[in-house]
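Residue-level structural notes
Next come the chains, spelled out residue by residue.
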Amino acid sequence: MATYTLRVDKRVQETDDTVSLYFRVPGDLATTFGYRPGQFVAVEDDPAGEDISRQYSLSSVPGTDPWLRITVKRIDGGAMSTYLVDRVSEGDLLEIAPPRGRLYVPTDEPRHYLILAAGSGVAPLVAIARHVLDGGGDDRITFLYGNRTEDGIILREEVDALATHPRVQVRHVLSRPGEDWIGDRGRVDPAYLKGLWESLADPRPLSVFLCGPEEFMTAAEEFLVERGVDINDIRKESFDLVLNDSDDDGADDLLVPDDAADGTEEPVAARVIAVVGGEEYEAETEADEPLLSALLRSGADVPFSCQEGTCASCIVKLAEGKVRIRPGVLQTLRPDDLQEGVVLACLSRARTDRVRIDFDDIF
Ligand SMILES: Cc1cc2nc3c(=O)[nH]c(=O)nc-3n(C[C@H](O)[C@H](O)[C@H](O)COP(=O)(O)OP(=O)(O)OC[C@H]3O[C@@H](n4cnc5c(N)ncnc54)[C@H](O)[C@@H]3O)c2cc1C
Ligand code: FES
(Lines give C-alpha, C1' and ligand atoms only; values in the text may rest on other atoms or scores of the structure.)
(Ligands and ions follow the chains in the order given, each with its own letter.)
Protein backbone atom coordinates (compact mmCIF):
# COMPACT_ATOMS: atom_id res chain seq x y z
CA MET A 1 0.00 0.00 0.00
CA ALA A 2 1.41 3.41 -0.96
CA THR A 3 2.63 5.39 2.03
CA TYR A 4 4.06 8.90 2.37
CA THR A 5 6.54 10.26 4.86
CA LEU A 6 4.97 12.78 7.22
CA ARG A 7 6.72 14.63 10.03
CA VAL A 8 5.31 14.70 13.55
CA ASP A 9 4.92 18.44 14.13
CA LYS A 10 3.43 18.24 17.59
CA ARG A 11 2.91 15.60 20.26
CA VAL A 12 0.41 16.08 23.07
CA GLN A 13 0.19 13.72 26.05
CA GLU A 14 -3.60 13.42 26.46
CA THR A 15 -3.64 10.98 29.39
CA ASP A 16 -1.13 8.58 31.00
CA ASP A 17 -1.50 6.11 28.15
CA THR A 18 -2.70 8.23 25.22
CA VAL A 19 -1.02 10.76 22.95
CA SER A 20 -2.13 12.88 20.02
CA LEU A 21 0.31 13.24 17.11
CA TYR A 22 -0.13 16.18 14.75
CA PHE A 23 1.12 16.18 11.15
CA ARG A 24 1.24 19.13 8.79
CA VAL A 25 0.67 17.82 5.27
CA PRO A 26 2.91 19.38 2.59
CA GLY A 27 1.02 21.23 -0.18
CA ASP A 28 1.87 18.66 -2.85
CA LEU A 29 0.16 15.93 -0.75
CA ALA A 30 -2.93 17.98 0.16
CA THR A 31 -5.18 16.15 -2.31
CA THR A 32 -3.78 12.72 -1.43
CA PHE A 33 -4.45 13.36 2.26
CA GLY A 34 -7.85 15.04 1.78
CA TYR A 35 -10.32 13.29 4.09
CA ARG A 36 -13.82 13.05 5.45
CA PRO A 37 -14.55 13.35 9.16
CA GLY A 38 -14.12 10.03 10.94
CA GLN A 39 -11.78 8.48 8.35
CA PHE A 40 -8.57 6.77 9.41
CA VAL A 41 -4.99 6.57 8.19
CA ALA A 42 -2.64 3.59 8.39
CA VAL A 43 0.75 4.03 10.05
CA GLU A 44 3.42 1.65 8.76
CA ASP A 45 6.66 1.05 10.60
CA ASP A 46 8.90 -1.67 11.98
CA PRO A 47 9.07 -0.80 15.68
CA ALA A 48 10.10 -4.34 16.64
CA GLY A 49 12.09 -5.18 13.51
CA GLU A 50 9.07 -6.38 11.54
CA ASP A 51 7.00 -4.24 9.18
CA ILE A 52 3.51 -3.69 10.53
CA SER A 53 0.62 -1.45 9.59
CA ARG A 54 -2.06 -0.20 12.01
CA GLN A 55 -5.05 2.06 11.46
CA TYR A 56 -5.63 5.24 13.47
CA SER A 57 -8.73 7.40 13.16
CA LEU A 58 -8.23 11.04 12.39
CA SER A 59 -9.34 13.03 15.44
CA SER A 60 -8.93 16.26 13.46
CA VAL A 61 -11.63 17.96 11.39
CA PRO A 62 -11.14 18.47 7.63
CA GLY A 63 -11.42 22.07 6.48
CA THR A 64 -11.21 23.34 10.06
CA ASP A 65 -7.97 22.02 11.54
CA PRO A 66 -4.77 22.91 9.68
CA TRP A 67 -3.17 19.55 10.50
CA LEU A 68 -3.92 15.86 10.54
CA ARG A 69 -4.13 14.46 14.04
CA ILE A 70 -4.25 10.90 15.34
CA THR A 71 -4.94 10.00 18.98
CA VAL A 72 -3.34 6.74 20.04
CA LYS A 73 -3.92 4.73 23.20
CA ARG A 74 -1.18 2.36 24.36
CA ILE A 75 -2.23 -1.30 24.34
CA ASP A 76 -0.04 -3.31 26.75
CA GLY A 77 2.38 -5.33 24.65
CA GLY A 78 1.08 -3.70 21.48
CA ALA A 79 3.84 -3.22 18.91
CA MET A 80 2.67 -0.04 17.17
CA SER A 81 0.74 1.70 19.94
CA THR A 82 3.62 1.32 22.41
CA TYR A 83 5.98 2.74 19.80
CA LEU A 84 3.74 5.72 18.95
CA VAL A 85 2.85 6.53 22.57
CA ASP A 86 6.24 5.94 24.23
CA ARG A 87 8.91 6.51 21.61
CA VAL A 88 7.79 8.87 18.87
CA SER A 89 8.74 12.51 19.39
CA GLU A 90 8.19 15.80 17.62
CA GLY A 91 10.28 15.95 14.44
CA ASP A 92 10.16 12.17 13.85
CA LEU A 93 9.11 10.90 10.44
CA LEU A 94 6.36 8.32 10.01
CA GLU A 95 5.17 6.37 6.98
CA ILE A 96 1.47 7.01 6.59
CA ALA A 97 -1.05 5.70 4.07
CA PRO A 98 -3.78 8.10 2.91
CA PRO A 99 -7.20 8.28 4.64
CA ARG A 100 -9.75 5.50 4.16
CA GLY A 101 -13.07 4.48 5.68
CA ARG A 102 -16.72 5.38 5.51
CA LEU A 103 -17.89 6.00 9.05
CA TYR A 104 -19.56 9.36 8.45
CA VAL A 105 -21.79 9.78 5.42
CA PRO A 106 -23.20 13.33 5.21
CA THR A 107 -26.94 13.96 4.96
CA ASP A 108 -28.86 17.07 3.90
CA GLU A 109 -31.56 17.12 6.57
CA PRO A 110 -31.01 18.11 10.22
CA ARG A 111 -30.45 15.04 12.40
CA HIS A 112 -30.26 14.13 16.04
CA TYR A 113 -26.80 12.62 16.34
CA LEU A 114 -26.52 10.17 19.21
CA ILE A 115 -22.80 9.63 19.67
CA LEU A 116 -21.63 6.82 21.93
CA ALA A 117 -17.89 6.68 22.59
CA ALA A 118 -15.77 4.63 24.96
CA GLY A 119 -12.06 5.23 25.64
CA SER A 120 -10.01 5.90 22.50
CA GLY A 121 -13.22 5.48 20.46
CA VAL A 122 -13.67 9.20 21.05
CA ALA A 123 -11.08 9.97 18.33
CA PRO A 124 -13.26 9.77 15.18
CA LEU A 125 -16.44 10.73 17.03
CA VAL A 126 -15.31 14.06 18.44
CA ALA A 127 -14.18 14.95 14.91
CA ILE A 128 -17.59 14.04 13.48
CA ALA A 129 -19.39 16.05 16.19
CA ARG A 130 -17.20 19.12 15.59
CA HIS A 131 -17.70 18.79 11.84
CA VAL A 132 -21.50 18.63 12.25
CA LEU A 133 -21.46 21.79 14.39
CA ASP A 134 -19.15 23.57 11.93
CA GLY A 135 -21.85 22.93 9.31
CA GLY A 136 -24.11 25.35 11.22
CA GLY A 137 -27.29 23.34 10.59
CA ASP A 138 -30.19 22.68 12.94
CA ASP A 139 -28.72 19.38 14.17
CA ARG A 140 -28.89 18.16 17.76
CA ILE A 141 -26.05 16.17 19.30
CA THR A 142 -26.15 13.92 22.35
CA PHE A 143 -22.58 12.85 23.13
CA LEU A 144 -22.21 10.05 25.69
CA TYR A 145 -18.63 9.24 26.58
CA GLY A 146 -17.61 6.37 28.86
CA ASN A 147 -14.28 5.91 30.60
CA ARG A 148 -13.03 4.17 33.73
CA THR A 149 -11.62 7.18 35.58
CA GLU A 150 -11.68 10.95 35.24
CA ASP A 151 -7.93 10.98 34.47
CA GLY A 152 -8.59 8.63 31.57
CA ILE A 153 -10.92 10.99 29.69
CA ILE A 154 -9.28 11.63 26.32
CA LEU A 155 -9.61 14.95 24.42
CA ARG A 156 -11.73 16.21 27.31
CA GLU A 157 -11.43 19.92 26.50
CA GLU A 158 -12.67 19.33 22.97
CA VAL A 159 -15.51 17.10 24.07
CA ASP A 160 -16.60 19.56 26.76
CA ALA A 161 -16.37 22.47 24.30
CA LEU A 162 -19.09 20.78 22.23
CA ALA A 163 -21.49 21.36 25.13
CA THR A 164 -21.19 25.15 24.85
CA HIS A 165 -23.49 24.79 21.82
CA PRO A 166 -27.19 25.09 22.79
CA ARG A 167 -28.27 21.93 20.97
CA VAL A 168 -25.48 19.73 22.30
CA GLN A 169 -25.53 17.64 25.44
CA VAL A 170 -22.34 15.96 26.65
CA ARG A 171 -22.42 13.33 29.40
CA HIS A 172 -19.30 11.73 30.81
CA VAL A 173 -19.92 8.32 32.34
CA LEU A 174 -17.27 6.82 34.63
CA SER A 175 -17.16 3.21 35.79
CA ARG A 176 -14.58 3.92 38.53
CA PRO A 177 -15.18 7.54 39.51
CA GLY A 178 -13.53 9.33 42.42
CA GLU A 179 -15.68 10.34 45.38
CA ASP A 180 -15.99 13.94 44.17
CA TRP A 181 -17.16 13.02 40.64
CA ILE A 182 -20.44 14.79 39.91
CA GLY A 183 -21.04 13.31 36.45
CA ASP A 184 -22.77 10.02 35.61
CA ARG A 185 -21.57 6.74 37.10
CA GLY A 186 -21.56 3.29 35.52
CA ARG A 187 -21.20 2.38 31.86
CA VAL A 188 -22.78 3.46 28.60
CA ASP A 189 -24.69 0.18 28.43
CA PRO A 190 -28.33 -0.79 27.74
CA ALA A 191 -29.40 -0.03 31.35
CA TYR A 192 -27.90 3.45 31.09
CA LEU A 193 -29.42 4.07 27.66
CA LYS A 194 -32.81 2.87 28.92
CA GLY A 195 -32.71 5.51 31.65
CA LEU A 196 -32.06 8.23 29.06
CA TRP A 197 -34.24 6.91 26.29
CA GLU A 198 -37.27 9.21 26.73
CA SER A 199 -35.09 12.31 26.88
CA LEU A 200 -33.59 11.34 23.52
CA ALA A 201 -36.93 11.67 21.68
CA ASP A 202 -36.65 14.30 18.95
CA PRO A 203 -38.51 15.13 15.73
CA ARG A 204 -35.23 14.99 13.82
CA PRO A 205 -34.29 11.57 12.42
CA LEU A 206 -31.77 9.75 14.61
CA SER A 207 -28.22 9.03 13.43
CA VAL A 208 -26.12 6.93 15.78
CA PHE A 209 -22.34 6.62 15.85
CA LEU A 210 -20.58 4.01 17.97
CA CYS A 211 -16.89 3.55 18.63
CA GLY A 212 -15.30 1.60 21.46
CA PRO A 213 -14.79 -1.99 22.58
CA GLU A 214 -16.70 -4.64 20.69
CA GLU A 215 -19.00 -5.67 23.60
CA PHE A 216 -19.95 -2.04 24.21
CA MET A 217 -20.90 -1.51 20.55
CA THR A 218 -22.76 -4.80 20.22
CA ALA A 219 -24.84 -4.20 23.36
CA ALA A 220 -25.67 -0.62 22.33
CA GLU A 221 -26.57 -1.67 18.81
CA GLU A 222 -28.87 -4.45 20.05
CA PHE A 223 -30.60 -2.03 22.43
CA LEU A 224 -31.14 0.54 19.69
CA VAL A 225 -32.40 -1.96 17.12
CA GLU A 226 -34.85 -3.36 19.72
CA ARG A 227 -36.17 0.17 20.17
CA GLY A 228 -36.84 0.45 16.47
CA VAL A 229 -33.74 2.33 15.28
CA ASP A 230 -32.99 1.40 11.65
CA ILE A 231 -29.69 -0.53 11.42
CA ASN A 232 -28.72 1.76 8.54
CA ASP A 233 -28.83 4.71 10.95
CA ILE A 234 -26.31 3.10 13.29
CA ARG A 235 -22.73 3.42 12.08
CA LYS A 236 -19.80 2.01 13.97
CA GLU A 237 -16.05 1.72 13.79
CA SER A 238 -14.31 -1.26 15.29
CA PHE A 239 -10.76 -0.80 16.57
CA ASP A 240 -10.35 -4.54 17.22
CA LEU A 241 -8.40 -6.29 14.52
CA VAL A 242 -9.06 -9.72 15.94
CA LEU A 243 -12.12 -11.30 14.44
CA ASN A 244 -14.62 -12.42 17.03
CA ASP A 245 -16.12 -15.73 15.90
CA SER A 246 -19.55 -14.68 17.05
CA ASP A 247 -19.47 -11.90 14.45
CA ASP A 248 -19.54 -14.54 11.78
CA ASP A 249 -23.15 -15.25 12.57
CA GLY A 250 -23.73 -17.70 9.76
CA ALA A 251 -25.94 -15.26 7.86
CA ASP A 252 -26.34 -16.09 4.18
CA ASP A 253 -23.94 -14.48 1.76
CA LEU A 254 -25.39 -11.49 -0.05
CA LEU A 255 -25.33 -10.75 -3.75
CA VAL A 256 -24.32 -7.22 -4.67
CA PRO A 257 -26.06 -5.76 -6.53
CA ASP A 258 -28.97 -8.00 -5.56
CA ASP A 259 -31.09 -7.07 -8.57
CA ALA A 260 -28.52 -7.61 -11.35
CA ALA A 261 -29.90 -9.78 -14.13
CA ASP A 262 -26.45 -10.85 -15.35
CA GLY A 263 -23.98 -13.05 -13.55
CA THR A 264 -24.49 -16.30 -11.72
CA GLU A 265 -25.09 -17.58 -8.21
CA GLU A 266 -22.07 -19.85 -8.67
CA PRO A 267 -18.39 -19.02 -8.11
CA VAL A 268 -16.59 -17.92 -11.28
CA ALA A 269 -12.99 -17.10 -12.11
CA ALA A 270 -12.96 -13.43 -13.08
CA ARG A 271 -10.88 -10.60 -14.39
CA VAL A 272 -10.83 -7.93 -11.69
CA ILE A 273 -9.94 -4.35 -12.52
CA ALA A 274 -9.18 -2.08 -9.57
CA VAL A 275 -8.85 1.70 -9.61
CA VAL A 276 -6.60 3.10 -6.84
CA GLY A 277 -5.34 6.67 -6.71
CA GLY A 278 -6.24 7.06 -10.38
CA GLU A 279 -4.11 4.00 -11.36
CA GLU A 280 -5.63 0.80 -12.76
CA TYR A 281 -4.57 -2.70 -11.72
CA GLU A 282 -5.77 -5.99 -13.22
CA ALA A 283 -5.78 -9.48 -11.79
CA GLU A 284 -7.34 -12.90 -12.43
CA THR A 285 -9.26 -14.46 -9.57
CA GLU A 286 -9.63 -18.17 -9.09
CA ALA A 287 -13.23 -19.31 -8.65
CA ASP A 288 -14.52 -18.03 -5.31
CA GLU A 289 -11.29 -16.24 -4.45
CA PRO A 290 -11.70 -12.87 -2.69
CA LEU A 291 -10.99 -9.97 -5.04
CA LEU A 292 -8.38 -8.54 -2.68
CA SER A 293 -6.45 -11.80 -2.54
CA ALA A 294 -6.18 -11.96 -6.35
CA LEU A 295 -5.09 -8.31 -6.52
CA LEU A 296 -2.38 -8.83 -3.89
CA ARG A 297 -1.18 -11.99 -5.63
CA SER A 298 -0.72 -10.00 -8.82
CA GLY A 299 1.29 -7.32 -6.98
CA ALA A 300 -1.36 -4.56 -7.09
CA ASP A 301 -0.63 -1.70 -4.68
CA VAL A 302 -4.05 -1.54 -3.01
CA PRO A 303 -5.00 -0.55 0.55
CA PHE A 304 -5.62 -3.47 2.91
CA SER A 305 -4.79 -4.70 6.38
CA CYS A 306 -6.81 -7.36 8.22
CA GLN A 307 -8.13 -9.26 5.16
CA GLU A 308 -11.09 -10.40 7.25
CA GLY A 309 -13.60 -7.58 7.04
CA THR A 310 -12.90 -5.69 10.23
CA CYS A 311 -10.57 -2.79 9.38
CA ALA A 312 -12.41 -1.28 6.38
CA SER A 313 -9.13 -0.44 4.62
CA CYS A 314 -10.21 -2.27 1.45
CA ILE A 315 -13.58 -0.53 1.11
CA VAL A 316 -14.48 -0.11 -2.59
CA LYS A 317 -17.35 0.85 -4.88
CA LEU A 318 -18.43 -1.91 -7.22
CA ALA A 319 -18.44 -0.14 -10.58
CA GLU A 320 -19.14 -3.16 -12.79
CA GLY A 321 -20.09 -6.80 -12.29
CA LYS A 322 -21.57 -8.71 -9.42
CA VAL A 323 -20.09 -10.17 -6.21
CA ARG A 324 -21.04 -12.24 -3.22
CA ILE A 325 -20.13 -10.90 0.18
CA ARG A 326 -20.20 -12.62 3.56
CA PRO A 327 -22.24 -10.25 5.75
CA GLY A 328 -21.66 -11.86 9.15
CA VAL A 329 -18.27 -10.28 9.70
CA LEU A 330 -19.09 -6.83 8.40
CA GLN A 331 -18.37 -4.21 11.04
CA THR A 332 -18.44 -0.93 9.21
CA LEU A 333 -20.82 -1.46 6.31
CA ARG A 334 -24.59 -1.35 6.67
CA PRO A 335 -27.20 -2.91 4.35
CA ASP A 336 -27.74 0.45 2.62
CA ASP A 337 -24.01 0.66 1.83
CA LEU A 338 -24.21 -2.70 0.06
CA GLN A 339 -27.28 -1.50 -1.84
CA GLU A 340 -25.15 1.40 -3.07
CA GLY A 341 -22.52 -1.11 -4.22
CA VAL A 342 -20.04 -0.23 -1.45
CA VAL A 343 -18.31 -3.49 -0.45
CA LEU A 344 -15.07 -4.79 1.04
CA ALA A 345 -12.65 -6.26 -1.48
CA CYS A 346 -11.36 -8.82 1.06
CA LEU A 347 -14.82 -10.36 1.54
CA SER A 348 -16.12 -10.09 -2.04
CA ARG A 349 -16.02 -12.97 -4.52
CA ALA A 350 -16.87 -12.51 -8.20
CA ARG A 351 -20.13 -13.78 -9.66
CA THR A 352 -19.50 -12.23 -13.10
CA ASP A 353 -16.44 -12.96 -15.20
CA ARG A 354 -15.47 -9.28 -15.12
CA VAL A 355 -15.57 -7.07 -12.03
CA ARG A 356 -14.47 -3.48 -11.74
CA ILE A 357 -13.92 -1.93 -8.30
CA ASP A 358 -12.98 1.61 -7.38
CA PHE A 359 -10.99 2.25 -4.19
CA ASP A 360 -11.24 6.03 -4.73
CA ASP A 361 -15.01 6.41 -5.12
CA ILE A 362 -16.37 5.25 -1.77
CA PHE A 363 -18.92 8.02 -1.03
C1 LIG B 1 -10.38 1.52 11.52
C2 LIG B 1 -9.54 1.51 12.79
C3 LIG B 1 -9.30 2.70 13.45
C4 LIG B 1 -8.55 2.72 14.63
N5 LIG B 1 -8.34 3.90 15.28
C6 LIG B 1 -7.64 3.92 16.44
C7 LIG B 1 -7.45 5.15 17.15
O8 LIG B 1 -7.93 6.23 16.74
N9 LIG B 1 -6.74 5.12 18.30
C10 LIG B 1 -6.20 3.95 18.79
O11 LIG B 1 -5.53 4.00 19.84
N12 LIG B 1 -6.37 2.77 18.14
C13 LIG B 1 -7.06 2.74 16.98
N14 LIG B 1 -7.22 1.54 16.30
C15 LIG B 1 -6.54 0.34 16.81
C16 LIG B 1 -5.11 0.27 16.21
O17 LIG B 1 -5.17 0.12 14.80
C18 LIG B 1 -4.29 -0.90 16.75
O19 LIG B 1 -5.02 -2.08 16.58
C20 LIG B 1 -3.92 -0.73 18.21
O21 LIG B 1 -3.16 0.46 18.38
C22 LIG B 1 -3.09 -1.93 18.69
O23 LIG B 1 -1.99 -2.10 17.81
P24 LIG B 1 -0.60 -2.62 18.38
O25 LIG B 1 0.32 -2.83 17.23
O26 LIG B 1 -0.13 -1.72 19.46
O27 LIG B 1 -1.03 -3.97 19.06
P28 LIG B 1 -0.73 -5.46 18.50
O29 LIG B 1 0.73 -5.71 18.61
O30 LIG B 1 -1.39 -5.61 17.17
O31 LIG B 1 -1.57 -6.30 19.52
C32 LIG B 1 -1.10 -6.56 20.83
C33 LIG B 1 -2.19 -7.22 21.63
O34 LIG B 1 -3.28 -6.33 21.84
C35 LIG B 1 -4.49 -6.86 21.35
N36 LIG B 1 -5.19 -5.71 20.71
C37 LIG B 1 -4.96 -5.20 19.49
N38 LIG B 1 -5.77 -4.14 19.26
C39 LIG B 1 -6.51 -3.99 20.38
C40 LIG B 1 -7.50 -3.04 20.76
N41 LIG B 1 -7.90 -2.06 19.96
N42 LIG B 1 -8.03 -3.18 22.01
C43 LIG B 1 -7.62 -4.15 22.85
N44 LIG B 1 -6.68 -5.05 22.53
C45 LIG B 1 -6.13 -4.99 21.32
C46 LIG B 1 -4.10 -7.89 20.33
O47 LIG B 1 -5.08 -8.91 20.24
C48 LIG B 1 -2.80 -8.42 20.91
O49 LIG B 1 -3.05 -9.40 21.89
C50 LIG B 1 -7.99 1.51 15.13
C51 LIG B 1 -8.22 0.31 14.45
C52 LIG B 1 -8.98 0.31 13.30
C53 LIG B 1 -9.22 -0.99 12.58
S1 FES C 1 -8.54 -5.65 4.55
FE2 FES C 1 -9.51 -5.11 6.43
S3 FES C 1 -11.60 -4.99 5.85
FE4 FES C 1 -10.64 -5.73 4.09
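Residues numbered from 1 in each chain as written. Chains lettered and ligands numbered in written order. Predicted model: local features only at pLDDT ≥ 70, side-chain atom pairs only at ≥ 80, totals over all residues. Heavy atoms only, no water.

For clarity, the threshold we go by: UniProt positions are given in the numbering used here, feature names are shortened, and annotations may be inferred rather than shown by experiment.
The protein chain carries the name Ring-1,2-phenylacetyl-CoA epoxidase subunit PaaE in an unreviewed UniProt entry, which gives Pseudonocardia endophytica as its organism. As its UniProt record puts it under Cofactor (unreviewed entry), the protein chain is described as follows: "FAD".

1. Some remarks on the state of the cysteines
How we decide: The disulfide criterion used throughout: a pair of cysteine sulfur atoms within 2.5 Å.
In the structure shown here, the tally under the stated rule is 0 disulfides. The closest cysteine sulfur to the non-disulfide-bonded Cys211 is located on Cys311, 14 Å from its own sulfur.

2. A look at the domain arrangement of the protein chain
Which entries qualify depends on this criterion: The domain boundaries here were taken from an automatic or database domain assignment. Accessible-area loss on putting two parts together, using a 1.4 Å probe and summing over both, is the definition of buried area adopted here. Salt bridges are identified by distance alone: a Lys or Arg side-chain nitrogen within 4 Å of an Asp or Glu carboxyl oxygen. N or O atoms closer than or at 3.5 Å make up a polar contact, with two conditions inside protein: a donor-capable atom paired with an acceptor-capable one, and, for residues adjacent in sequence, both atoms drawn from side chains. Secondary structure counts use DSSP, requiring at least four H or I residues in a row for a helix and at least two E residues in a row for a strand, with both numbered from the N terminus.
The assigned domain composition of the protein chain is domain 1 (4–100), domain 2 (112–240) and domain 3 (254–358). The gap between the C-alpha centroids of domain 1 and domain 2 is 24 Å. Surface buried jointly by domain 1 and domain 2 totals about 1,300 Å² across both partners, of which 60% is contributed by carbon and sulfur atoms. Contact with domain 2 buries area across many residues of domain 1, yet Pro37, Ser57 and Val61 alone supply 30% of it, more than any other trio. Linking domain 1 to domain 2 there are 2 salt bridges. At the boundary of domain 1 and domain 2, one finds 3 residue pairs in polar contact (both at pLDDT 80 or more). Only strand 1 (4–15), strand 2 (18–23) and strand 5 (68–73) provide two or more residues apiece to the side of domain 1 that touches domain 2. With 3 residues, strand 5 is the largest single contributor of residues to the side of domain 1 that touches domain 2.

3. Things to note about the packing of aromatic side chains
Put simply, the rule reads: Here a pair means two rings of Phe, Tyr or Trp (six-membered ring of Trp) with centres within 6.5 Å. Their orientation is stacked below 30 degrees between planes, edge-to-face above 60, and tilted elsewhere. Type-normalised accessible area, obtained with a 1.4 Å probe on protein chains alone, sets the label of each residue: buried when under 20%, exposed when over 50%, and partly exposed for intermediate values.
Counted according to the given criterion, the structure contains 6 aromatic pairs. Ring geometry for Tyr22 versus Trp67: centroids 4.7 Å apart, planes at 80 degrees, classification edge-to-face. Placement of Tyr22 in strand 2 and of Trp67 in the loop between strand 4 (52–57) and strand 5 is noted, with a sequence separation of 45 residues between them. Of the residues examined, Tyr22 reaches a relative accessible area of 7% and is grouped as buried.

4. Considerations on the environment of Leu296
Put simply, the rule reads: Residues are treated as being in contact if the distance between any of their heavy atoms lies within 4.5 Å.
Residue placement: Leu296 occurs in helix 6 (residues 291–297). By relative accessible area, which is 24% here, Leu296 ends up partly exposed. Leu296 sits 13 residues away from Ala283 along the chain, and the two C-alpha atoms are 8.6 Å apart. The residues touching Leu296, leaving out its near neighbours within four places in the chain, are Val302, Phe304 and Gln307.

5. Structural notes on the UniProt feature "domain: FAD-binding FR-type" (unreviewed entry) in the protein chain
UniProt records the feature "domain: FAD-binding FR-type" (unreviewed entry) at residues 1–106, using the numbering of this structure. Across residues 1–106 one finds 8% helix and 42% strand; the C-alpha atoms that close the span lie 27 Å apart.

6. Some details on the site of ligand 1
Definition in use: Distances are taken per atom, and a residue is near a molecule or strand as soon as one of its heavy atoms is within 4 Å of it.
Arg54, Gln55, Tyr56, Lys73 and Ser81 are the nearest of the 21 residues found near ligand 1. At 3.0 Å from an oxygen atom of ligand 1 is found a main-chain nitrogen or oxygen belonging to Ala79. The separation between a nitrogen atom of ligand 1 and a polar main-chain atom of Phe239 is 3.4 Å. Elements with a minimum of two residues in the shell around ligand 1: strand 4, strand 5 and helix 1 (79–86). A domain-level breakdown of the shell around ligand 1 finds at least three residues from each of domain 1 (4–100) and domain 2 (112–240).

7. Observations concerning empty space enclosed by the protein
Convention followed: Using a 1 Å grid laid over the protein atoms alone, points where a 1.4 Å probe fits but cannot get out form a cavity; open sets with protein on both sides within 12 Å along at least 5 of 7 lines form a pocket; any residue with an atom within 4 Å of a point counts as lining. Grid points are joined across faces, edges and corners, and a volume is the space filled by probe spheres set on the points. The residue classification treats Ala, Val, Leu, Ile, Met, Phe, Trp, Tyr, Cys and Pro as nonpolar and Asp, Glu, Lys and Arg as charged. All others, Gly included, are polar.
All chains considered together, the criterion is met by 1 cavity of 30 Å³ or more. One number sums up the size of the largest cavity: a volume of about 30 Å³. What lines the largest cavity is Asp253, Asp288, Arg324, Ile325, Arg326, Leu347, Arg349 and Arg351. Of the residues assigned to the lining of the largest cavity, the class counts are 2 nonpolar, no polar and 6 charged.

8. Here we look at the sheet that holds strand 19 (residues 348–350)
Test applied: DSSP calls a pair of strands paired once it identifies at least 2 bridges connecting them. Between N-to-C directions, angles cover 0 to 180 degrees, with each direction set by a line fitted to C-alpha atoms, over the stretch in contact for helices.
Reading across from one edge, 13-17-19 is the order of the 3 strands in this open sheet, with antiparallel pairing throughout. The open sheet has two edge strands with one neighbour each: strand 13 (254–256) and strand 19. Averaged over all adjacent pairs, the angle separating strand axes in this sheet is 35 degrees, with direction ignored. Relative to strand 19, strand 17 (residues 323–325) runs antiparallel, the two sharing 3 bridges. Each residue of the ladder has a partner; that of Ile325, found in strand 19, is Ser348.

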